[in-house]
Amino acid sequence: MSSENSPADDENSSADDARQVWDVVVVGAGPAGASAAYAAAVTGRQVLLLEKAELPRYKTCGGGIIGPSRDALPPGFELPFRDRVYAVTFSNNGRFTRTRRSRQMLFGLINRPEFDQQLVEHAQKAGAELRTGVTVQRVEQHGSAVPDRRTVAVVLQGGETLLARAVVGADGSASRIGAHVGVKLDQVDLGLEAEIPVPETVAEDWKGRVLIDWGPMPGSYGWVFPKGDTLTVGVISARGEGAATKRYLEDFIGRIGLAGFEPSISSGHLTRCRADDSPLSRGRVLVCGDAAGLLEPWTREGISFALRSGRLAGEWAVRISEAHDAVDARRQALNYAFAIKAGLGVEMSVGKRLLALFERRPGLFHAALTGVRPAWRAFTDITRGRTTLGELIRSHPLAQRALAAVDRRQAATAEPVAEESGS
């Protein structure tokens, strides 16, 4: 790490340590943070990765690895797949069930503890230093803890202060770094999940196949992801429907014949999508992944968004660490924001419009995916990473017209509200 020590200060080692400055400090060692740490460390910079938990640790997550996630992994990364998916069973609130199959793998399934641990190990091999069991209380870019305008102070619980030229916030959907940046949220959903160990005969029935059920509340859906001798079963819907979401999960588990098996883990998690005008940086601090509210609004898929935004954040954090003044740091931060919005932002915009349509017409989505060949092909192309939501809409005039109709309907609905607020 770089040092700002005076050569005359040898007699006070604690003061020396306080003035040591990391090039990049990354807060949070999930997929976004580990990717950011890796991207910064491979450039030869001194990188510190902070994590409040001890690794490996459980995270509420379906664990689906689609093409964009795979493509964003470090070179040589061996995915710890628990299963490979070749078939998807779709149902509409338990009805009209149909299974579609593919000769090629659609996507893979992982357990997050193993996956996250492996990402962190790649960051460490690239040169990043890891500290676990530490909680970041706040970051400061002004004040007595900050020796100069090129430095950010990272204050830990207990009072220890670390210094960095750039900070990446990847500390999850309840991010303290996100609060410092001023992240604004546009959509909050509640996901409930159970890890259910099952006998070999039951596991064999699910091998290579997932279930996606369009749920009873607007915008909700459920899933079954097989992972060897355990099935990950979950549901998600808009926050504020907690009792209904819990009831949906219970009914869903019973409907698929798993009510008699005791879950090894039952958990819940809030997913948060950023507002279009939400900031991605403040001074020398960037946010990525869940901390920035970056995930696909319709499916709430977040791993690929975490990996891709984390990599970009790590690359631009290096540039910010090299900036000699606030103007240059601001320029690099704006470049990071542009890179995010030009890629992930476009996908999020399309996802929001698809969610609005799905909330009103889940049966239409079900009919298309189970009975219309181009819709199924689009699904498989996205899961394999051959295209993205944004690219798909740009290349399909029919999809463009459908989303344009959604935009017109939303605008018409919003007009009376705008008039009332202005009176």
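From a predicted model like this one, the values you see are computed outputs, not experimental measurements.

A. The environment of leucine 185, seen in detail. Relative to the helices and strands, leucine 185 is located in strand E13 (residues 185-197). Each C-alpha atom of the pair leucine 185 and asparagine 335 lies 22 Å from the other, and the pair is 150 residues apart in sequence. Apart from the residues within four sequence positions on either side, leucine 185 is in contact with Arg272, Cys273, Arg274 and Ala275.

B. Up close: the sheet that holds strand E5 (residues 83-85). Within the open sheet, the three strands sit side by side as E4-E8-E5. Their pairing is antiparallel. Two strands lie at the open edges of the sheet, namely strand E4 (64-65) and E5, each paired on one side alone.

C. Spotlight on the confidence of the model for the chain. Put simply, the chain has an average pLDDT of 91, and 90% of its residues get 70 or more. Low pLDDT (under 50) marks residues 2-18, which in the prediction has 13 contacts with non-local residues, meaning those over four places away or in another chain. Under a pLDDT of 50 for its full length, residues 416-423 has, in the predicted model, zero contacts with residues more than four places off or in other chains.

D. The arrangement of the nonpolar core in detail. Counting 72 residues, the largest nonpolar core has Val25, Leu50, Phe115, Val154, Val167 and Tyr336 as the members making the most contacts within it. The dominant element in this core, judged by the number of residues it contributes, is helix H8 (residues 303-322), at ten residues. With residues near it in sequence (within four places) discarded, valine 167 still touches Val25, Val27, Val139, Val152, Val154, Arg284, Val285 and Leu286.

E. View of H8. With 20 residues, H8 should cover 28 Å at 1.5 Å per step; its first-to-last C-alpha distance of 29 Å lies within 8% of that length. Within H8, 16 of the 20 residues are buried, leaving the element largely enclosed by the surrounding structure.

F. Focus on the sheet that holds strand E14 (residues 209-214). A sheet is described by the order of its strands in space; here seven strands give the open sequence E7-E6-E14-E15-E16-E13-E17, paired in mixed fashion. Both outer strands of the open sheet, strand E7 (95-101) and strand E17 (265-274), are each paired with one neighbouring strand and no more. Strand-to-strand twist across the sheet, computed as the mean angle between neighbouring axes with direction ignored, equals 20 degrees. Inspection of the sheet shows E13 paired to strand E16 (residues 230-238) by nine bridges, in the antiparallel sense. Opposite leucine 192, over in E16, you have valine 235 as the bridge partner. Contacts between helix H11 (residues 373-384) and the sheet are confined to strand E6 (87-92) and E7, with E6 contributing the most and set at about 125 degrees to the helix.

G. Seen up close, the environment of leucine 286. One can find leucine 286 in strand E19 (residues 285-287). For leucine 286, a relative accessible area of 0% corresponds to the buried category. As a C-alpha pair, leucine 286 and glycine 178 span 108 residues in sequence and 8.6 Å in three-dimensional space. Discounting residues that sit within four places of it in the chain, leucine 286 has contacts with Val167, Val168, Gly169, Ile177, Leu280, Ser281, Ala313, Trp316, Ala317, Ile320, Ala333 and Tyr336.

H. Representation of the pairing of E6. Most of E6 sits out of view: six of its six residues are buried. Going residue by residue along E6, you find Ala87, Thr89 and Ser91 tucked away on one face and Val88, Phe90 and Asn92 tucked away on the opposite face as well. In this structure, E6 lies alongside E7, joined through five bridges in antiparallel fashion. By the bridge assignment, threonine 89 is partnered in E7 with threonine 99. Adjacent in sequence and paired antiparallel, E6 and E7 are bridged by two residues, among which asparagine 93 carries a positive phi angle near 55 degrees.

I. Highlighting helix H7 (residues 242-255). Taking 1.5 Å per residue as the helical rise, H7 with its 14 residues ought to reach 20 Å, and the 20 Å between its terminal C-alpha atoms agrees with that figure. Of the positions making up H7, those classed as buried are Ala244, Thr245, Tyr248, Leu249, Phe252 and Ile253. At its buried positions, H7 is contacted by E13, E14, strand E15 (221-227) and E16. Following H7 by one or two positions, glycine 257 has its phi on the positive side, about 80 degrees.

J. The arrangement of the pattern of salt bridges in detail. Across all of its chains, the model carries 17 salt bridges by this definition. What you see here is one network of salt bridges that share partners, running through Arg57, Arg112 and Asp116.

K. Highlighting the side chain of glutamine 332. With respect to the secondary-structure elements, glutamine 332 resides in helix H9 (residues 326-360). Not counting residues up to four positions away in its chain, the partners in contact with glutamine 332 are Trp316, Arg319 and Ile320.

L. Representation of the layout of surface pockets in the model. Taken as a whole, the second largest pocket holds about 250 Å³ of empty space. For the second largest pocket, the full set of lining residues is Gln141, His142, Arg149, Thr151, Val152, Arg282, Gly283, Arg284, Asp325, Ala326, Ala329 and Arg330. Counting residues per element, the lining of the second largest pocket draws most heavily on H9, which supplies three residues. Here the residues of the lining of the second largest pocket sort into three nonpolar, four polar and five charged.

What counts and what doesn't
- Residues numbered from 1 in each chain as written.
- Predicted model: local features only at pLDDT ≥ 70, side-chain atom pairs only at ≥ 80, totals over all residues.
- Heavy atoms only, no water.
- Helix = DSSP H or I, 4+ residues; strand = E, 2+ residues; numbered from the N terminus.
- Contact = heavy atoms within 4.5 Å.
- Pairing = 2+ DSSP bridges.
- pLDDT = per-residue confidence, 0-100.
- Core = buried A, V, L, I, M, F, W, Y, C linked by side-chain atoms within 4.5 Å.
- Buried < 20%, exposed > 50% of the residue type's maximum accessible area, 1.4 Å probe, protein only.
- Expected span 1.5 Å × (residues − 1).
- Axes fitted to C-alpha atoms, helices over the stretch in contact; angles between N-to-C directions.
- Salt bridge = Lys/Arg side-chain N within 4 Å of Asp/Glu carboxyl O.
- 1 Å grid on protein atoms, 1.4 Å probe; cavity = no way out; pocket = protein on both sides within 12 Å on 5 of 7 lines; lining within 4 Å.
- Points joined across faces, edges and corners; volume = space filled by probe spheres on them.
- Nonpolar A, V, L, I, M, F, W, Y, C, P; charged D, E, K, R; others polar.

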